[in-house]
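An overview of the molecular structure
For reference, the chains in residue letters:
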Amino acid sequence: KAGVTQTPRYLIKTRGQQVTLSCSPISGHRSVSWYQQTPGQGLQFLFEYFSETQRNKGNFPGRFSGRQFSNSRSEMNVSTLELGDSALYLCASSIQGAAYNEQFFGPGTRLTVL
Amino acid sequence: TQLLEQSPQFLSIQEGENLTVYCNSSSVFSSLQWYRQEPGEGPVLLVTVVTGGEVKKLKRLTFQFGDARKDSSLHITAAQPGDTGLYLCAGENAGNMLTFGGGTRLMVKP
């Protein structure tokens, strides 16, 4: 079974631009979560989508948004990029109905904001 | 806000040494997960512990969940260079949300 895939793997943007990242979960996984990872703050939860609905949201500004499609693929968007948005953005999928919320991560998208 | 504190933050040891990584919180978790992340990759789930006092072993790795389900430890016996990576603990709350610790960066030198 193929793992979680994320595109693109690397991205360079300038301040003020917007960016869209894509994530395809493991086949059969309907829950998709997004995380931001930085050296200073570690791994921080952005939001979770299930059945095309945002189910949980972390403490990030409204510039960060996401959506999920009917095939469970998900995208996240960051508008008006700031230097501090430079990070590794990780997507993870999980099995709905499992006993525990075990996350299967993709390789991440490395975003650099100049 | 639930916080998970990991210690130490950095650990550099020689091949063959033993080590323990700690994950502590003042909150109770329904489960505690351990992940390992290598450079350029996403975290990979190692184990999930769910019962207070539970001990799980994966080859040279031993995971323990505290009796009160607030803390956990990871012990590696006879560390090898292949164990090098970032070790993350994550606590799951009643709402199925995960809180990640800050991570322990382990380097095992040959």
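To keep things clear, this report deals only with the structure shown in the data block. (Residues numbered from 1 in each chain as written. Chains lettered and ligands numbered in written order. Predicted model: local features only at pLDDT ≥ 70, side-chain atom pairs only at ≥ 80, totals over all residues. Heavy atoms only, no water.)

The interface is formed by 19 residues belonging to chain B together with 15 residues belonging to chain A. Here chain B packs against chain A, burying approximately 1,400 Å² in sum over the two surfaces, 56% of which is carbon and sulfur. Area buried by chain B at its contact with chain A is led by B:Pro43, B:Met97 and B:Phe100, which between them contribute 30% of it. Taken together, chain B and chain A are joined by zero salt bridges. Run the count over chain B and chain A and you get six residue pairs in polar contact (both at pLDDT 80 or more). For the side of chain B that touches chain A, the elements supplying multiple residues, two or more each, are strand 4 (31–37), strand 5 (44–49), strand 9 (85–92) and strand 10 (98–100) of chain B. Tallied by class, residues from the side of chain B that touches chain A come to nine nonpolar, eight polar and two charged. (Contact = heavy atoms within 4.5 Å. Buried area = accessible area lost by both parts, 1.4 Å probe. Salt bridge = Lys/Arg side-chain N within 4 Å of Asp/Glu carboxyl O. Polar contact = N/O pair within 3.5 Å; in protein donor to acceptor, adjacent residues only side chain to side chain. Helix = DSSP H or I, 4+ residues; strand = E, 2+ residues; numbered from the N terminus. Nonpolar A, V, L, I, M, F, W, Y, C, P; charged D, E, K, R; others polar.)

Moving on: the sheet that holds strand 7 (residues 61–65) of chain B. All names here are of chain B. Pairing is antiparallel across the open sheet formed by five strands, whose spatial order is 1-3-8-7-6. Of all strands in the sheet, those bounded by a partner on one side alone are strand 1 (5–7) and strand 6 (55–58). Strand-to-strand twist across the sheet, computed as the mean angle between neighbouring axes with direction ignored, equals 15 degrees. Bridging between strand 3 (residues 19–24) and strand 8 (residues 71–76) involves six bridges; their strand directions are antiparallel. In the sheet register, Val21 faces strand 8, and the bridge partner there is Leu74. (Pairing = 2+ DSSP bridges. Axes fitted to C-alpha atoms, helices over the stretch in contact; angles between N-to-C directions.)

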